[in-house]
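An overview of the molecular structure
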Amino acid sequence: MIRENLLKALAGILILVVAMAALAFWFEEEMSIGTNWLVGRIGFAGLCLILLLTDTLVTPFSPDVVLVVVAKSDLAKHWLPYVLILGMVSVSAGLLGWGIGRWLGHIRLVQYLFGQLNDEQRAFIRKYGFWAIVLGAATPLPYSATCWTAGILGVRWTTVLAASILFRIPRVIIYYLLIASTGHLFG
């Protein structure tokens, strides 16, 4: 299962990089105009709000689109503080998602769907819960769904926070660098 998830994650990263390189090659000027228009309309605070929503709620909208906006707009000139702030917003969103999961975990239907955990299962979650959060935080797998599930299953918030700080923020930086470099892949 872990190997399968890692292969899916690597495939997702590769698809993202190739898609961004193709878009950057064919639509560089249009992307710059569009992203600068968006930043002019909603500002960096608006981008943070979009990221907060997409990383808190389970949505079909990829939070990495916010990184595209930063990389292809004038914000790219001073990218590091923007990307670090986005990383912190993403971690905050993960904790909000964990809180939603904790709340949902008290609803009978959700308890029925997830089942009651025995002592052995609880020990497994305590032992590997950190790494499950890491998988969601560092890969293209849905971070919001990972955090919701962690809340439902009773993973401690400190575990979610530690895994998110150690792996989500670096992931945001690495993805930004990949996205920002895609325009240079084809010259």
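From a predicted model like this one, the values you see are computed outputs, not experimental measurements. (Residues numbered from 1 in each chain as written. Predicted model: local features only at pLDDT ≥ 70, side-chain atom pairs only at ≥ 80, totals over all residues. Heavy atoms only, no water.)

Some thoughts on the pattern of salt bridges
Tallied over the full model, the rule gives two salt bridges. The partner of Arg168 in a salt bridge is Asp55, with the nearest N and O atoms 3.1 Å apart. Taken as a pair, Arg168 in helix H7 (residues 157-181) and Asp55 in helix H1 (residues 2-56) lie far apart in primary sequence, 113 residues in all. Note that Arg171 and Asp64 form a salt bridge whose closest N and O atoms lie 2.7 Å from each other. Separated by 107 residues along the polypeptide, Arg171 in helix H7 and Asp64 in helix H2 (residues 64-72) bring together distant segments of the chain. Across this residue pair, the class does not change: Arg171 and Asp64 are buried. (Salt bridge = Lys/Arg side-chain N within 4 Å of Asp/Glu carboxyl O. Helix = DSSP H or I, 4+ residues; strand = E, 2+ residues; numbered from the N terminus. Buried < 20%, exposed > 50% of the residue type's maximum accessible area, 1.4 Å probe, protein only.)

Details of helix H3 (residues 79-104)
Helix length check: H3 (26 residues) gives 37 Å between terminal C-alpha atoms against 38 Å at 1.5 Å per residue, within 8%. Residues Val83, Leu86, Gly87, Val89, Ser90, Val91, Ala93, Gly94, Gly97, Trp98, Gly101 and Leu104 constitute the buried set of H3. (Expected span 1.5 Å × (residues − 1).)

Structural notes on the packing of H3 against helix H6 (residues 143-153)
The axes of two packed helices give the description: the angle between them and the distance between them. Two elements in contact, H3 and H6, have axes separated by 6 Å at closest approach and are oriented at 40 degrees. As summarised for this structure, H3 and H6 are arranged oblique, according to the angle between their axes. In terms of crossing hand, the pair formed by H3 and H6 is right-handed. Across the interface between the two elements, Ser90, Val91, Gly94, Gly97, Trp98, Ile100, Gly101, Arg102 and Leu104 from H3 touch Tyr143, Cys147, Trp148, Ala150, Gly151 and Ile152 from H6. Of the residues assigned to the contact of H3 with H6, the class counts are nine nonpolar, five polar and one charged. (Axes fitted to C-alpha atoms, helices over the stretch in contact; angles between N-to-C directions. Parallel < 35°, antiparallel > 145°, perpendicular 65-115°, else oblique. Left-handed = near helix turned anticlockwise from the far one by under 90°. Contact = heavy atoms within 4.5 Å. Nonpolar A, V, L, I, M, F, W, Y, C, P; charged D, E, K, R; others polar.)

Remarks on the side chain of Arg168
Given a relative accessible area of 3%, Arg168 falls into the buried group. At 3.2 Å, the side chain of Arg168 forms a polar contact with the backbone oxygen of Ala137. Beyond its immediate sequence surroundings of up to four residues, Arg168 is in contact with Asp55, Pro63, Ser90, Val91, Gly136, Ala137, Thr139, Tyr143 and Ala163. (Polar contact = N/O pair within 3.5 Å; in protein donor to acceptor, adjacent residues only side chain to side chain.)

A few points about the environment of Phe61
Note that Phe61 resides in the loop between H1 and H2. Taking the relative accessible area as the measure of exposure, Phe61 reaches 38% and is therefore partly exposed. Considered as a pair, Phe61 and Leu51 are ten residues apart in the sequence and their alpha carbons are 9.7 Å apart. When sequence neighbours within four positions are dropped, the list of residues in contact with Phe61 reads Ile50 and Thr54.

Brief notes about the confidence of the model for the protein
The predicted structure's coordinates, where accompanied by low pLDDT, should not be read in detail. Per-residue pLDDT for the protein has a mean of 87; in total, 92% of the residues score no lower than 70. Of all the helices and strands in the protein, helix H4 (residues 108-114) carries the lowest mean pLDDT, 81, while H3 carries the highest, 97. (pLDDT = per-residue confidence, 0-100.)

A word on empty space enclosed by the protein
One pass over the structure, following the stated rule, counts one cavity of 30 Å³ or more. As a volume, the largest cavity reaches approximately 60 Å³. In this structure, the largest cavity is lined by Leu51, Asp55, Pro63, Asp64, Val66, Leu67, Leu86, Ser90, Arg168, Arg171 and Val172. Elements with a contribution of two residues or more to the lining of the largest cavity: H1, H2, H3 and H7. Per-class residue counts for the lining of the largest cavity are six nonpolar, one polar and four charged. (1 Å grid on protein atoms, 1.4 Å probe; cavity = no way out; pocket = protein on both sides within 12 Å on 5 of 7 lines; lining within 4 Å. Points joined across faces, edges and corners; volume = space filled by probe spheres on them.)

Considering the state of the cysteines
Overall, the coordinates contain zero disulfides when judged by the stated rule. Here Cys48 stays free of any disulfide, with the sulfur of Cys147 as its closest cysteine sulfur at 18 Å. Its relative accessible area of 13% is what places Cys48 among the buried residues. On the basis of relative accessibility, which here comes to 1%, the residue Cys147 falls in the buried class. (Disulfide = S-S within 2.5 Å.)

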